[in-house]
Amino acid sequence: MLVLSRKKGESIIIQDNIEVTVLAVEGDTVRIGISAPKHIDIFRKEVYASIQEANRESAKPDAPSVAAFMELLQGIENKKK
Amino acid sequence: MVVNPFEFKQDYSFELSEEDKEELKIEEDVAVYSIVTIHSDVTKSTMNLLAPVIINPAHRVGKQVVLQQTGYMTKHLIWTEEATSAKEGV
């Protein structure tokens, strides 16, 4: 990992067109500004991780659970009618 | 497995960013799906409302979009407790 020290208002450039600026530092919170091309997706890491985890879990249901899910779905739909 | 989220959460709504609209070439038609996580107790199965799959059927392009500034979660219960308990009462 590259480690750099930056002061408030200073920034770093990544690959010509991504600029990360330190906007403010308050206690243990750092406010960061990021300028990047539109096609670059930027997420808070915990959000990114939770989505990856949810996708991974969704991708591996076992057959009996799928059957049980479908049965419940049909039961609830029938009840609505 | 994916579901139509509006079937289960009628007031689900979000705004697609201009960038996503552009990337998916969205004009009118858009299909929205939520990825399902089946829980070992199926009544507690969830759908991902934070990151729906957005598809442009006309252009056959789609992607999982992460919504910005919303309170939706990756694990939103598909059915309320009332819905599932009513079923079990049959």
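See the structure printed just above.
Let us look at the structure shown here.

About the thresholds
Residues numbered from 1 in each chain as written. Chains lettered and ligands numbered in written order. Predicted model: local features only at pLDDT ≥ 70, side-chain atom pairs only at ≥ 80, totals over all residues. Pairing = 2+ DSSP bridges. Helix = DSSP H or I, 4+ residues; strand = E, 2+ residues; numbered from the N terminus. Axes fitted to C-alpha atoms, helices over the stretch in contact; angles between N-to-C directions. Contact = placed C-beta atoms within 7 Å. Nonpolar A, V, L, I, M, F, W, Y, C, P; charged D, E, K, R; others polar. Expected span 1.5 Å × (residues − 1). Buried ≥ 20, exposed ≤ 12 C-beta atoms within 10 Å, placed from the backbone. Core = buried A, V, L, I, M, F, W, Y, C linked by C-beta atoms within 7 Å.

1. A few points about the sheet that holds strand S1 (residues 11-14) of chain A
One key point about sheets: their strands pair by backbone hydrogen bonds, in either a parallel or an antiparallel sense. Residues and elements named next belong to chain A. With antiparallel pairing, three strands are arranged side by side in an open sheet as S1-S2-S3. The open sheet has two edge strands with one neighbour each: S1 and strand S3 (29-35). Along the sheet, successive strands turn relative to each other by an average axial angle of 25°, direction set aside. In this structure, S1 lies alongside strand S2 (residues 18-26), joined through four bridges in antiparallel fashion. Paired with Ile14 across the two strands is Ile18, which belongs to S2.

2. Thoughts on the interface of chain B and chain A
Accessible area lost when the parts come together is the quantity often used to give the size of an interface. Counting from both sides, the interface comprises 22 residues of chain B and, opposite them, 18 residues of chain A. Where the side of chain B that touches chain A is concerned, the elements lending two or more residues are strand S2 (31-37) and helix H3 (81-88) of chain B. In terms of residue count, H3 of chain B provides more of the side of chain B that touches chain A than any other element does, four residues in total. Of the residues that constitute the side of chain B that touches chain A, the class distribution is twelve nonpolar, seven polar and three charged.

3. Some points on helix H2 (residues 63-80) of chain A
With 18 residues, H2 of chain A should reach 26 Å at 1.5 Å per residue; the first-to-last C-alpha distance of 26 Å fits that figure. With zero of 18 residues buried, H2 of chain A lies mostly on the surface of the structure.

4. Observations concerning the nonpolar core
Ranked by size, the top nonpolar core spans twelve residues in total: Ile35, Val36, Ile38, Val42, Met47, Leu49, Leu50, Ala51, Ile54, Val65, Val66 and Ile78 of chain B. Beyond its immediate sequence surroundings of up to four residues, Ile38 of chain B is in contact with Pro61, Ser65, Val66 and Phe69 of chain A together with Ser45 of chain B.

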